[in-house]
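# Architecture and fold: a report
The lines below spell out each chain.
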Amino acid sequence: MLLPAKAEVARQLRRYRAWERVMLASPQDREVRSTFEDSGYTLCVLMGKRCAREAVDAAERYLRTSLVTYVREQSGRSQLSGKVRPGPPAERPSARH
């Protein structure tokens, strides 16, 4: 498992939080909202998560724990989530012939 440098995660998390404050102060500003969403997307890519909220939580957890602890937590989560997720729906035969 490749993990980003903690310094980069901390920098991107600070950037996300700063744009979050600006966006909350000016929610109607499209440029601000776009930049805020871009910062969230960057965190998603960096932390390997699907939404910004999960990425922020993962970044905060990563920064406050040791590398070994974080990897163990992530390994446990992926095993648990693998058991819970159902497979794709079965293909149905086409009604058109």
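Residues numbered from 1 in each chain as written. Predicted model: local features only at pLDDT ≥ 70, side-chain atom pairs only at ≥ 80, totals over all residues. Heavy atoms only, no water.

Going by an unreviewed UniProt entry, the protein carries the name DUF5133 domain-containing protein and comes from Streptomyces sp. 900105755.

Attention shifts here to the overall build of the protein. A count of helices and strands for the protein gives four helices and zero strands. In the protein, buried positions account for 26% of the 97 residues. Sequence-distant contacts in the protein: of pairs separated by 6 or more residues, those separated by 24 or more amount to 52%. A total of about 7,500 Å² of accessible surface is found on the protein, and carbon and sulfur atoms cover 54% of it. (Helix = DSSP H or I, 4+ residues; strand = E, 2+ residues; numbered from the N terminus. Buried < 20%, exposed > 50% of the residue type's maximum accessible area, 1.4 Å probe, protein only. Contact = heavy atoms within 4.5 Å. Areas by Shrake-Rupley, 256 points an atom, 1.4 Å probe, with all protein chains shown as cover.)

Moving on to the side chain of Thr-65. Summarising the element assignment, Thr-65 is placed in the loop between helix H3 (52-64) and helix H4 (67-84). Within the structure, Thr-65 has its side chain in polar contact with the backbone oxygen of Arg-61 (distance 2.9 Å). With residues near it in sequence (within four places) discarded, Thr-65 still touches Lys-6, Tyr-70 and Glu-73. (Polar contact = N/O pair within 3.5 Å; in protein donor to acceptor, adjacent residues only side chain to side chain.)

This brings us to the side chain of Ser-39. Note that Ser-39 resides in helix H2 (residues 30-47). Given a relative accessible area of 0%, Ser-39 falls into the buried group. Setting aside chain neighbours within four positions, we find Ser-39 in contact with Arg-15, Tyr-16 and Trp-19.

Moving on to the packing of aromatic side chains. One pass over the structure, following the stated rule, counts two aromatic pairs. Centroid distance Tyr-16 to Phe-36: 5.0 Å. Interplanar angle 35°. Geometry classified as tilted. Within this pair, whereas Tyr-16 is found in helix H1 (residues 6-25), its partner Phe-36 is found in helix H2, the two being separated by 20 residues in sequence. Residue Tyr-16 shares its accessibility class with Phe-36, and that shared class is buried. Lying across the ring of Tyr-62, Lys-6 places its NZ or CZ 5.2 Å from the centre. (Phe/Tyr/Trp six-rings, centres within 6.5 Å; stacked < 30°, edge-to-face > 60°. Lys NZ or Arg CZ within 6 Å of the ring centre and 35° of its normal.)

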